[in-house]
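Chain by chain, the residues run as shown.
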Amino acid sequence: MSGQNELYPLKLEQMTLREKIGQMLLCGFHGTEAAGDVDDFLRKYPIGGVIYFARNVESPEQVERLSSGLQRIAVDSGNVPLWISIDQEGGMVARITEGIALMPGQMAIAAAGSIEDAYQAAYISGVELRSMGINMNFAPVLDVNNNAANPVIGVRSFGESPQSVAEYGARSIAGVQDAGISATAKHFPGHGDTDTDSHLDLPVITHTRERVERVELIPFRAAIAAGVDAMMSAHIYFPALEPERLPVTLSRAVLSGLLRQELGYEGMIVTDCMEMDAIAANYGTVDAAVMAVEAGADLVLISHTAHLQAGAFEALLAAVQSGRISEARIDESVTRLLKYKAKRGLLDNGMGAGNDEVHDEVATSLSAEALTDPASIKHQERNHSLHQEVARRISENSITLVRDQLNMLPLKPERTLVITVATAVTTIADEQLTQVVTLGSALSHCGLDVVDVTVTPEEVAIRSARLLQAAEEDDIRQIIVGTYNAGSASGDPQCRLIGWLQQLGKPLAVVALRSPYDLLAIPDAQVYVAAYESRPLAMESVARALMGRIPFAGKLPVSIK
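What you are looking at is a predicted structure, and each value in this text was computed from that prediction instead of being measured.

## Structural notes on the sheet that holds strand S12 (residues 416–421)
Phase 1 of the analysis: On the basis of which strands lie adjacent, the open sheet formed by six strands has the order S11-S16-S15-S14-S12-S13 and mixed pairing. The sheet terminates laterally at strand S11 (400–404) and strand S13 (450–455), the two strands that pair on one side only. Across this sheet, the average inter-strand angle for adjacent strands is 15 degrees, counted without regard to direction.
Phase 2 of the analysis: Summarising the sheet, S12 and strand S14 (residues 478–483) pair through five bridges and their orientation is parallel. Residue Thr416 lies in a different strand from S14, and its bridge partner there is Gln478.
Phase 3 of the analysis: Set on the sheet, helix H20 (residues 492–502) makes contact with S12, S14 and strand S15 (508–512); between it and S14 the angle comes to about 170 degrees.

## Quick notes on empty space enclosed by the protein
Phase 1 of the analysis: Tallying each qualifying case throughout the model produces three cavities of 30 Å³ or more.
Phase 2 of the analysis: For the largest cavity, the calculated volume is near 150 Å³.
Phase 3 of the analysis: As for the largest cavity, its lining consists of 17 residues, of which Gln88, Glu89, Ala121, Ala122 and Ser172 are closest to the centre.
Phase 4 of the analysis: At the level of secondary structure, the elements contributing two or more residues to the lining of the largest cavity comprise strand S4 (88–90), helix H5 (106–112), helix H6 (115–131) and helix H7 (162–178).
Phase 5 of the analysis: Here the residues of the lining of the largest cavity sort into ten nonpolar, six polar and one charged.
Phase 6 of the analysis: Within this model, the second largest cavity holds a volume of roughly 70 Å³.

## Side note on the environment of Asp143
Phase 1 of the analysis: Relative to the helices and strands, Asp143 resides in the loop between strand S6 (136–137) and H7.
Phase 2 of the analysis: When its relative accessible area of 0% is taken as the criterion, Asp143 is described as buried.
Phase 3 of the analysis: Asp143 sits 47 residues away from Gly190 along the chain, and the two C-alpha atoms are 4.9 Å apart.
Phase 4 of the analysis: Other than its neighbours up to four places away in sequence, Asp143 contacts Ile153, Ser157, Gly159, Val165, Lys186, His187, Gly190, His191, Gly192 and Phe220.
Phase 5 of the analysis: A polar contact of 2.7 Å, which involves the side chain of Asp143, links it to the side chain of His187.

## As for the packing of aromatic side chains
Phase 1 of the analysis: Applying the stated criterion to the full structure yields six aromatic pairs.
Phase 2 of the analysis: An angle of 5 degrees between the planes, with centres 6.2 Å apart, marks the rings of Tyr119 and Tyr123 as stacked. In this pair, Tyr119 and Tyr123 are both assigned in helix H6, four residues apart and thus about one turn of the helix distant.
Phase 3 of the analysis: What makes Tyr119 buried here is its relative accessible area of 8%.
Phase 4 of the analysis: Where Phe158 meets Tyr168, the ring centres are 5.4 Å apart and the plane angle is 25 degrees; that geometry is what we call stacked. Linking Phe158 in the loop between S6 and H7 with Tyr168 in helix H7, this pair joins segments that are ten residues apart in sequence.

## Quick notes on the environment of Met276
Phase 1 of the analysis: Among the structural elements, Met276 can be located in the loop between strand S9 (268–271) and helix H11 (277–280).
Phase 2 of the analysis: Remark: the alpha-carbon pair of Met276 and Ile302, spanning 26 residues in sequence, is separated by 9.1 Å.

## Concerning helix H4 (residues 60–76)
Phase 1 of the analysis: The first and last C-alpha atoms of H4 sit 24 Å apart over 17 residues, in line with the 24 Å expected at 1.5 Å per residue.
Phase 2 of the analysis: Against helix H3 (37–44), strand S2 (49–52) and strand S3 (83–86) lie the buried residues of H4.
Phase 3 of the analysis: Trailing H4 by a residue or two, Gly78 shows a phi angle of about 80 degrees, which is positive.

## A closer look at the sheet that holds S6
Phase 1 of the analysis: Spatially, the eight strands line up as an open sheet ordered S9-S8-S7-S6-S3-S2-S1-S10, and their pairing is parallel. Across the chains shown, the open sheet's two edge strands, defined by having one partner strand only, are S9 and strand S10 (300–302).
Phase 2 of the analysis: Taken together, the two bridges between S6 and strand S7 (residues 182–188) define a ladder with parallel strand orientation. If you follow Asn137 over to S7, its bridge partner there is Ala183.

## Describing the pairing of S15
Phase 1 of the analysis: Burial runs high along S15: five of the five residues are buried.
Phase 2 of the analysis: Of the strand pairs in this sheet, S14 and S15 are connected by five bridges, and their pairing is parallel. Bridging from a neighbouring strand, Ile479 pairs with Leu508 of S15.
Phase 3 of the analysis: With H20 bridging S14 and its parallel neighbour S15, the resulting β-α-β unit is right-handed.
Phase 4 of the analysis: Alignment of S15 against strand S16 (residues 527–530), held across three bridges, turns out to be parallel. Bridged to Ala512 within S16 is Ala530.

## Details of the pairing of S2
Remember that side chains alternate between the two faces of the sheet whenever the strand is regular.
Phase 1 of the analysis: Burial of S2 is two-sided: the residues Gly49 and Ile51 facing one way and the residues Val50 and Tyr52 facing the other way are all buried.
Phase 2 of the analysis: Alignment of strand S1 (residues 25–28) against S2, held across three bridges, turns out to be parallel. If you follow Cys27 over to S2, its bridge partner there is Val50.
Phase 3 of the analysis: Since S1 and S2 lie parallel, the crossover through H3 that links them has a hand, and here it is right-handed.
Phase 4 of the analysis: Strand direction decides the pairing type here: S2 and S3, joined by four bridges, are parallel. Of the residues in S3, the one forming a bridge with Ile51 is Ser85.
Phase 5 of the analysis: You can see the chain leave S2, run along H4 and come back into S3, and the turn it takes is right-handed.

## So, the packing of H6 against H7
Phase 1 of the analysis: One can describe the packing of H6 onto H7 by two numbers: an axis separation of 7 Å at closest approach and a directional angle of 30 degrees. It follows from the interaxial angle that H6 and H7 lie roughly parallel. Helix-helix and strand crossings are classified by hand; for H6 and H7 the assignment is right-handed. Along the contact surface, H6 presents Ile115, Glu116, Ala118, Tyr119, Ala122 and Tyr123, while H7 presents Glu167, Tyr168, Arg171, Ser172, Ala174, Gly175, Val176 and Asp178.
Phase 2 of the analysis: Here the residues of the contact of H6 with H7 are counted per class, giving eight nonpolar, two polar and four charged.

## A word on helix H22 (residues 536–546)
Phase 1 of the analysis: Counted residue by residue, H22 has eight buried out of eleven residues, so it is predominantly covered.
Phase 2 of the analysis: The complete set of buried residues in H22 reads Leu537, Ala538, Met539, Ser541, Val542, Ala543, Ala545 and Leu546.
Phase 3 of the analysis: Summarising the contacts, the buried residues of H22 are in contact with helix H17 (385–398), S12, helix H18 (439–445), S14, S15 and S16.

## With respect to the pattern of salt bridges
Should the charged atoms of two oppositely charged side chains come close, the side chains can pair.
Phase 1 of the analysis: Scanning the entire structure with this criterion turns up 27 salt bridges.
Phase 2 of the analysis: A salt bridge links Arg382 to Glu61; the nearest nitrogen and oxygen atoms lie 3.8 Å apart. With Arg382 in the loop between helix H16 (356–366) and H17 and Glu61 in helix H4, this pair connects stretches of sequence that are 321 residues apart.
Phase 3 of the analysis: For Glu61, a relative accessible area of 43% puts it in the partly exposed group.

Scoring rules and cut-offs
- Residues numbered from 1 in each chain as written.
- Predicted model: local features only at pLDDT ≥ 70, side-chain atom pairs only at ≥ 80, totals over all residues.
- Heavy atoms only, no water.
- Pairing = 2+ DSSP bridges.
- Helix = DSSP H or I, 4+ residues; strand = E, 2+ residues; numbered from the N terminus.
- Axes fitted to C-alpha atoms, helices over the stretch in contact; angles between N-to-C directions.
- Contact = heavy atoms within 4.5 Å.
- 1 Å grid on protein atoms, 1.4 Å probe; cavity = no way out; pocket = protein on both sides within 12 Å on 5 of 7 lines; lining within 4 Å.
- Points joined across faces, edges and corners; volume = space filled by probe spheres on them.
- Nonpolar A, V, L, I, M, F, W, Y, C, P; charged D, E, K, R; others polar.
- Buried < 20%, exposed > 50% of the residue type's maximum accessible area, 1.4 Å probe, protein only.
- Polar contact = N/O pair within 3.5 Å; in protein donor to acceptor, adjacent residues only side chain to side chain.
- Phe/Tyr/Trp six-rings, centres within 6.5 Å; stacked < 30°, edge-to-face > 60°.
- Expected span 1.5 Å × (residues − 1).
- Right-handed = clockwise from strand over helix to strand, strands pointing away.
- Parallel < 35°, antiparallel > 145°, perpendicular 65-115°, else oblique.
- Left-handed = near helix turned anticlockwise from the far one by under 90°.
- Salt bridge = Lys/Arg side-chain N within 4 Å of Asp/Glu carboxyl O.

And the structure:
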């Protein structure tokens, strides 16, 4: 490590101002190949890294080729190897969903009740990401979700208890980083108690400093103690922390004062995307990039638009040349960024390095019963059967029976109407979702006689009469409705439909396929199950639980009062 410690100061001295400014930008792009616009951009601007979205993904093999190609362009251009980052939280927020062992999301992991599950899920995800050339994951989410109306965090959080979020978060960080890539704790200092999506507007949290210390900051303190490589700032205004009306991302008082000086954080500070409306609509992406660096950010994330990325680069360059930002301030961030690139092996070969001793140790613990040769996990790092088994175990243990006042479960072997409200993108964080498995099809695979109906949230009101007519048929003996964010502003048609179906007098169960808070909108639901997500694995798990094939083992990580 001493050689690496000597490497990044030397590297810094050899870098031009343009190269140093470039290291502070993390940019998204369109396309699935290391060619065309992204090739041109990387050769013109020596940026520090890229971020992948679903638009960049076709398969794990293609992502691996893409990562290798991008690193080759960077190195051939005389640039420092790239951070290749992604939002792979698991559950409902994941950019790569096929050809890997997609882990349950954070609230499902917490519902399953094992902190070691958090480690194993994060470790496996990290191993699979690293096998594709990805070296930074924007996870875990350390927001304490204690606001049922939160439109953007919800099941992305480990729950409402600061201590629980801290414990699960610290183990997740260890898992990601033991796999050899950088974890990112987000969204500092906490996005859990908002009812506004910062993709769309600037949320304001008016809690006192004492309350922020007691709730929001506890998981982030634990992340710092766990040695997290990166911390992502929230586009939220905290009046108790910042005297001016500035979001955390642009606040020197919060980033340099609270996070660096008071909390003693020495890792990388990365902004959330500067094209989100909380920033772009109020300050402008380009101008805000300069403000974020002045505040103390090391990496400025601009996820989508090339001319804004180029504009931010030129604006930062001009700010240093004019004296608005000192070159010493730039050197401070670049030194830190190069330090962590060295830590993750990027200055050795551009592709990153893992900890093989940790890899062997974890492989042994994961495979004590499943594998006779623990080292074999290293030869198939994606979609390994052991990885899939861990995901399935967590998923099955997460399914939560909140109430069964009708003694309806397990389901009787009778003809059943199953209405699945399909997944819908309700926030940019979701990006895109596809309904691969319905609740009805999952139950049918378990042997239940099913009438399987799927409707989008927008179609519920339009098709309510037909759905009621189907439910009234004499051969329909029981009804199951899989809701999707029924408690949101757009969820009223789902609630009305359930009310009408209840009037038929037939046994009816509600399964929340995302937010467990749906029960607040349908408090008279007599049978209620929380599944936390509607990915295919969760659908299979909840179907097995409804049929009595597995027990309902989950516990709610949030209060539903």
